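# Notes for the structure review
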Amino acid sequence: MDGIEAIVEHILADAREKAAQIEAGAAEQIDQIKTQADQACAVIRQEADHKGQQAAASVINRASSQAALESRRVLLEARQTLIDEVIAEATRQLSELDAAEKKDLYVRMIQATGASGGAVTTNAADQALMQEVVAVLGKSWELSGEPGTFSGGLILSRGRIEENLTFDLLVRNLRPQLAALAAGILFPDAG
């Protein structure tokens, strides 16, 4: 039996040696696979970092552009508000001209229409002044009995034709030109 045991022992020794070789080969393969996986992971991390940096840069660019747009919008709104205030103040100052200047303005406004006669309506505050204007224009003009409810200016009536020359309407009709003029004066470097 010693011979059989020796054969079994030899077979077992060969099997152990083969198992050790297989185990060493597997360990080597594991190390290679781990090294390859580590390299692939490093590449993936680099790509992810690069993509993350690109995404962050894109987000920063979008945020910067959005902030610039918002800044321009706020600046334009502030400028528009200031222009509106200037136009409103100019309209208010027209209504508050002294009597001589306002009388001259009303005469020129009526003469500029080319009308040769009719009725003139003004607000209650300018009724007395308008009597002087009508006197300057001549007998073909008369002052309307009822004052208008507008802040300044006048309305000319000739039969069924009415010309609205109130300051509010004149300013509204000339608003684009007045806004451009005010912007040019207030913001000469904006362009």
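See the structure above.
Here's what I pulled together on the structure shown here.

Each value, and the rule that gives it
- Residues numbered from 1 in each chain as written.
- Predicted model: local features only at pLDDT ≥ 70, side-chain atom pairs only at ≥ 80, totals over all residues.
- Heavy atoms only, no water.
- Axes fitted to C-alpha atoms, helices over the stretch in contact; angles between N-to-C directions.
- Helix = DSSP H or I, 4+ residues; strand = E, 2+ residues; numbered from the N terminus.
- Parallel < 35°, antiparallel > 145°, perpendicular 65-115°, else oblique.
- Left-handed = near helix turned anticlockwise from the far one by under 90°.
- Contact = heavy atoms within 4.5 Å.
- Pairing = 2+ DSSP bridges.
- Salt bridge = Lys/Arg side-chain N within 4 Å of Asp/Glu carboxyl O.
- Right-handed = clockwise from strand over helix to strand, strands pointing away.
- 1 Å grid on protein atoms, 1.4 Å probe; cavity = no way out; pocket = protein on both sides within 12 Å on 5 of 7 lines; lining within 4 Å.
- Points joined across faces, edges and corners; volume = space filled by probe spheres on them.

## Remarks on the packing of helix α2 (residues 99-113) against helix α3 (residues 127-137)
Direction vectors running N to C along α2 and α3 enclose 45 degrees, while the axes themselves pass 10 Å from each other. For the element pair α2 / α3, the angle class is oblique. Relative to α3, α2 is oriented so that their crossing is right-handed. Where α2 approaches α3, its residues A99, K102, K103, Y106, V107, I110 and Q111 are matched on the opposing element by L129, M130, E132, V133, V136 and L137.

## A closer look at the sheet that holds strand β4 (residues 161-166)
Reading across from one edge, β2-β1-β3-β4 is the order of the four strands in this open sheet, with mixed pairing throughout. Each edge of the open sheet carries a strand with a single partner, namely β2 (141-143) and β4. Adjacent strand axes in the sheet meet at a mean angle of 20 degrees when their direction is disregarded. Sheet topology note: the strand β1 (residues 118-121)/strand β3 (residues 153-158) ladder contains three bridges and is antiparallel.

## Considering the pattern of salt bridges
With the rule as written, the count across this model stands at ten salt bridges. For K103, the salt bridge goes to E132, with nearest N and O atoms at 3.7 Å. In this pair, K103 sits in helix α2 while E132 sits in helix α3, placing the two residues 29 residues apart along the sequence. Here R108 and D104 are joined by a salt bridge, their closest N and O atoms 3.1 Å apart.

## Here's the deal with the pairing of β4
Looking at chain direction, β3 and β4 are connected through six bridges and run antiparallel. Bridge pairing in β4 links R158 to I161.

## Considering the pairing of β1
Strand direction decides the pairing type here: β1 and β2, joined by three bridges, are parallel. Within β2, the position partnered with A119 by the bridge is E142. You can see the chain leave β1, run along α3 and come back into β2, and the turn it takes is right-handed.

## Side note on the layout of surface pockets
Estimated volume of the largest pocket: approximately 210 Å³. Contributions of two or more residues to the lining of the largest pocket are made by α1 (2-95), α4 (167-173) and α5 (175-186). Among the elements that make up the lining of the largest pocket, the one with the highest residue count is α1 (five residues).

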